[in-house]
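Spelled out from the first residue to the last, the chains are:
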Amino acid sequence: MTNNKKVLTWLEEMKALCKPEKVVWIDGSEAQLEALREEAVQTGEMIKLNQEKLPGCYYHRTAENDVARVEDRTFICTETKEEAGPINNWMAPAEMYAKLNALYDGSMKGRTMYVIPYSMGPVGSPFSKIGIELTDSIYVVLNMDIMTRVGKDVLKALGEDGDFVKCLHAKRDVNPDERYIVHFPQDNTIMSVNSAYGGNVLLGKKCFALRIASYQGMKEGWMAEHMLILGLENPKGEVKYICAAFPSACGKTNLAMLIPPKFLKDQGYKVWTVGDDIAWLRVGEDGRLYAINPEAGFFGVAPGTSEKSNFNALEATKKNTIFTNVAINEDDMTVWWEGLDKNPPENAIEWKGAKVNGKEYTAEGGKLAHPNSRFTAPAKNCPCISSEFENPQGVPISAIVFGGRRAKTAPLVYQARDWDHGVFVGATMASETTAAAAGAVGVVRRDPMAMRPFVGYNMADYFQHWYDMGKKIQNPPKIFNVNWFRLDKDGNFMWPGFGDNMRVLNWILDRCEDKVSAVETEIGFVPNKEDLQLDGLDLADEVVDELLSIDIDAWKEDVQNQREFFAQFGDKLPKEIKNSMDELEAKLNK
Ligand code: OXD
Ligand code: MN
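Residues numbered from 1 in each chain as written. Chains lettered and ligands numbered in written order. Predicted model: local features only at pLDDT ≥ 70, side-chain atom pairs only at ≥ 80, totals over all residues. Heavy atoms only, no water.

Asks: An account of the nonpolar core is requested, with residue identities and associated values reported.
Replies: One finds Trp280, Phe402, Trp419, Phe463, Trp466 and Ile508 to be the most contacted residues of the largest nonpolar core, which totals 161 residues. For this core, the element with the highest residue contribution is helix α5 (residues 138-147), accounting for eight residues. In contact with Trp466, not counting residues within four places along its chain, are Met223, Glu225, Met227, Ile400, Phe402, Trp419, Val423 and Met449. Core analysis: the next-biggest nonpolar cluster, separate from the first, contains 31 residues, Val7, Cys18, Cys77 and Phe184 among them. (Core = buried A, V, L, I, M, F, W, Y, C linked by side-chain atoms within 4.5 Å. Buried < 20%, exposed > 50% of the residue type's maximum accessible area, 1.4 Å probe, protein only. Helix = DSSP H or I, 4+ residues; strand = E, 2+ residues; numbered from the N terminus. Contact = heavy atoms within 4.5 Å.)

Asks: Go over the domain arrangement of the protein, please, and point to the residues and values.
Replies: Size of an interface, as often reported, equals the accessible area lost when the parts are brought together. With domains assigned, the protein is organised as domain 1 (5-42 + 72-220), domain 2 (225-293 + 389-589) and domain 3 (298-381). Domain 1 and domain 2 are separated by 32 Å when their C-alpha centres are compared. Where domain 1 abuts domain 2, roughly 2,500 Å² becomes buried across the two surfaces, and 61% of that area is made up of carbon and sulfur atoms. On the domain 1 side of the contact with domain 2, Ile87, Phe127 and Leu210 bury the most area, a combined 30% of that side's loss. Linking domain 1 with domain 2 are three salt bridges. The partner of Lys206 in a salt bridge is Asp277, with the nearest N and O atoms 2.7 Å apart. Taken together, the connections running from domain 1 to domain 2 amount to 13 residue pairs in polar contact (both at pLDDT 80 or more). Counting only elements with at least two residues in the side of domain 1 that touches domain 2, the list comes to α3 (81-84) and α8 (204-220). (Domains from an automatic or database assignment. Buried area = accessible area lost by both parts, 1.4 Å probe. Salt bridge = Lys/Arg side-chain N within 4 Å of Asp/Glu carboxyl O. Polar contact = N/O pair within 3.5 Å; in protein donor to acceptor, adjacent residues only side chain to side chain.)

Asks: Hey, could you go over the sheet that holds strand β19 (residues 327-329) for me, with residue numbers and the actual values?
Replies: Read from one edge to the other, the open sheet built from four strands follows the order β20-β19-β21-β22, with strand pairing classed as antiparallel. The open sheet has two edge strands, β20 (334-336) and β22 (355-357), and neither has a second partner. Neighbour-to-neighbour, the strand axes of the sheet open up by a mean angle of 40°, direction not taken into account. In this structure, strand β21 (residues 347-349) lies alongside β22, joined through three bridges in antiparallel fashion. In the strand pairing of β22, Asn347 is matched with Asn357. (Pairing = 2+ DSSP bridges. Axes fitted to C-alpha atoms, helices over the stretch in contact; angles between N-to-C directions.)

Asks: Tell me about the side chain of Asp447, and please be specific about residues and values.
Replies: Its location among the elements puts Asp447 in the loop between β27 (444-446) and α14 (459-472). As a buried residue without a salt bridge, Asp447 has its nearest oppositely charged side chain in Arg445, at a separation of 4.7 Å. Reaching out from Asp447, the side chain makes a polar contact with the backbone nitrogen of Arg452 at a distance of 2.9 Å. Look past the residues within four positions of Asp447 in its chain and what remains in contact with it is Pro247, Met429, Ala430, Arg452 and Pro453. (Lys, Arg positive; Asp, Glu negative; His and termini not counted.)

Asks: Just give me the short version of the coordination of the manganese ion (ligand 2), but keep the residues and values in it.
Replies: Protein coordination at the manganese ion (ligand 2): the donors are Lys206 (NZ), His226 (NE2) and Asp277 (OD), at 2.1 to 2.2 Å from the metal. Along the chain, the residues that donate to the manganese ion (ligand 2) are spaced as K-x19-H-x50-D. Linking His226 in the loop between β11 (223-225) and β12 (228-233) with Asp277 in the loop between β14 (270-275) and β15 (279-283), this pair joins segments that are 51 residues apart in sequence. The class for His226 is buried, based on a relative accessible area of 3%. (Donors = N, O, S within 2.8 Å, 3.2 Å for Na, K, Ca; no water.)

Asks: Can you lay out the sheet that holds strand β2 (residues 47-48) for me, pointing to particular residues and giving the numbers?
Replies: Within the open sheet, the five strands sit side by side as β2-β3-β18-β23-β17. Their pairing is mixed. At either margin of the open sheet sits one strand with a lone partner, and together these are β2 and β17 (297-301). Relative to strand β3 (residues 58-60), β2 runs antiparallel, the two sharing two bridges. Bridging from a neighbouring strand, Ile47 pairs with Tyr59 of β3.

Asks: Break down the site of ligand 1 for me, with residues and values.
Replies: Surveying the vicinity of ligand 1 reveals the residues Arg69, Lys206, His226, Ser248, Asp277, Arg374 and Phe454. In this structure, Lys206 approaches ligand 1 through a side-chain N or O atom, which is 3.0 Å from an oxygen atom. Separating an oxygen atom of ligand 1 from a side-chain N or O atom of Ser248 is a distance of 3.4 Å. Burial of ligand 1 by the protein amounts to 86% of the accessible area it has alone, namely 210 Å². Across the shell around ligand 1, the residue classes break down as one nonpolar, two polar and four charged. (Near = heavy atom within 4 Å. Areas by Shrake-Rupley, 256 points an atom, 1.4 Å probe, with all protein chains shown as cover. Nonpolar A, V, L, I, M, F, W, Y, C, P; charged D, E, K, R; others polar.)

Asks: Requested: an account of a negative patch on the surface, with residues and values cited.
Replies: A surface patch of negative charge is lined by Asp331, Glu346, Glu360 and Glu364. Assignment of secondary structure puts Glu364 in the loop between α12 (358-363) and β23 (374-378). Accessibility expressed as a relative area gives 69% for Glu364, which makes it exposed. (Patch = residues over 30% accessible without salt bridge, like charges linked within 9 Å, V, L, I, M, F, W, Y side chains within 5 Å. Charge placed at Lys NZ, Arg CZ, Asp CG, Glu CD.)

Asks: Before we move on, can you summarise the layout of surface pockets with the specific residues and values?
Replies: Taken as a whole, the second largest pocket spans an internal volume of roughly 590 Å³. What lines the second largest pocket is a set of 26 residues, and nearest its centre among them are Leu33, Asp145, Ile146, Pro378 and Lys380. Counting only elements with at least two residues in the lining of the second largest pocket, the list comes to α2 (30-43), α5, β7 (149-150) and α6 (152-158). It is α2 that contributes the most residues to the lining of the second largest pocket, four residues altogether. (1 Å grid on protein atoms, 1.4 Å probe; cavity = no way out; pocket = protein on both sides within 12 Å on 5 of 7 lines; lining within 4 Å. Points joined across faces, edges and corners; volume = space filled by probe spheres on them.)

Asks: For the side chain of Ser214, give the residues involved together with the corresponding values.
Replies: Inspection of the secondary structure puts Ser214 in helix α8. The class for Ser214 is buried, based on a relative accessible area of 3%. Of the polar contacts made by the side chain of Ser214, one reaches the backbone oxygen of Arg211; its length is 2.9 Å. Setting aside its immediate chain neighbours within four residues, Ser214 contacts Ala224, Met451, Phe454, Val455, Gly456 and Tyr457.

Asks: With reference to specific residues and values, describe the packing of aromatic side chains.
Replies: In total, this model carries 21 aromatic pairs according to the counting rule given. Ring geometry for Trp10 and Phe164: centres 5.7 Å apart, planes at 55°, overall tilted. Pair noted here: Trp10 is in helix α1 (residues 5-18) and Phe164 is in the loop between α6 and β8 (165-170), with a separation of 154 residues, a long-range link. Relative accessible area serves as the criterion here: at 7%, Trp10 is assigned to the buried category. What makes Phe164 buried here is its relative accessible area of 4%. Considering the side-chain rings of Phe565 and Phe569, the 5.7 Å spacing of their centres and the 75° angle between planes classify their relative orientation as edge-to-face. Using a relative accessible area of 5% as the deciding quantity, one classes Phe569 as buried. Through successive ring pairs, a cluster of aromatic residues spans Tyr215, Tyr457, Tyr462, Phe463, Phe565, Phe566 and Phe569. The ring centre of Tyr180 lies 4.7 Å from the NZ or CZ of Arg73, which sits over that ring. One residue, Arg282, lies across the ring of Phe127, its end atom 5.8 Å from the ring centre. (Phe/Tyr/Trp six-rings, centres within 6.5 Å; stacked < 30°, edge-to-face > 60°. Lys NZ or Arg CZ within 6 Å of the ring centre and 35° of its normal.)

Here it is in structure tokens:
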């Protein structure tokens, strides 16, 4: 399939290491993919779902010990520990290669090694990068086909001499004690072993498009970020684009596919989805920042997805989708998960594979679907997919939005004073643990730019890269922070969220276009109440005041927490961060 010597040499080495019985190149043809689906159904790796109700949809169950990304077993192996920084797990490359080579040795005996050439980003786009994943899992092949652009065209774009990210995955016996997700940014290499769960094995996603790409971006002058990308169309038909970074479980997919409240929809407002998880950003010739979504599908959390919470995501899963660890309704071979509706199937197969009465099981508090069960759905299925989704030049970004779950610290929305202040706002991002998770409620986990688990090098250098990028962007996007999760004294959410978040996005774009003024506060610019479109919301005036208020004591406490977090970076911390922190503290003390 290719004459690229680098590909062929590496493949020979990996064959000699893993010793597969045979090697199959994935050409991207429907005939080949269909044969693999059939084979996976024969071996039990996948279950065919109801092809009338869910055409092209399949089901997969992972091992019980293999249901999520494993941050404690994820490594960044740079030459020095300092290059990986204090947040990442690190091991010297030689030591890690030795450890891994022993695990891969003979790992594919009697099995097939699939060679998946894939492009992150539209094939041939100046933004795009190519990877080749070797795997012994058909599930991985079929998921990669949805999540990335796969096949012959990619090899053509790679050419005889092009560079690519080398990705090796072996499933082995999914032993959690020997599970490793390892990145060698300086070798353009990713190695994953002993897992078959999405985030650990679909190596184009977190491993390449964030960890390796963030390193490439730092070296090459662009950015790889954990951000959704959406287009907001106004009644005049103009579309402005926004990127937003939120930590997990803060509603990125929901915001990316938002349906405006009726009064805005009636006026002609619309939201278009470009991406729900990852953005690659480059400076365009006009001095603006442009973004592409390097992925081609959505690897979304199923529980909580319903017609009401995210109609568009649910629609996207109605065909050619792979479901992992949700529940099966045996009556008609469809799928179910908590939060889909209030009607769990009676004849259910729960995610671990046991047949149960779903109504009784859930009434007793059992979960039919794993809380991190997923759908892998083609982006083109999404009813609100942007017409610019395949644009090789990306979309121009007007605003960058950071956000997290903060019970009282952050107001509903505020705007950073300028790019550098915005970098500080992103670097001090944090989210609080909820009652749903084990441990104390309201504990702050600092998650700069929502990239804590995904920066492929020293986070202090990552902050510096943001400042450096600011100098290169003549017309930078404005930077904002949102908080949909503010609680009142009784612990109730004050803001309705979901589609109503559109009201906040409209204010953000009004600010980008200098259409409205704002109130300057200690932390940045907060809306004048009258500039927020609150029609039909039934929010008392005092509630709006509180949503926009700044709790000075809570902020002072937060600055202490920031100082503790940043201390671990020592002298490497950019001075701009320290200056912004001192400035904020001085303002709060005034
Ligand atoms: C994801 C994550 O799966 O951030 O997107 O964990
Ligand atoms: Mn994510």
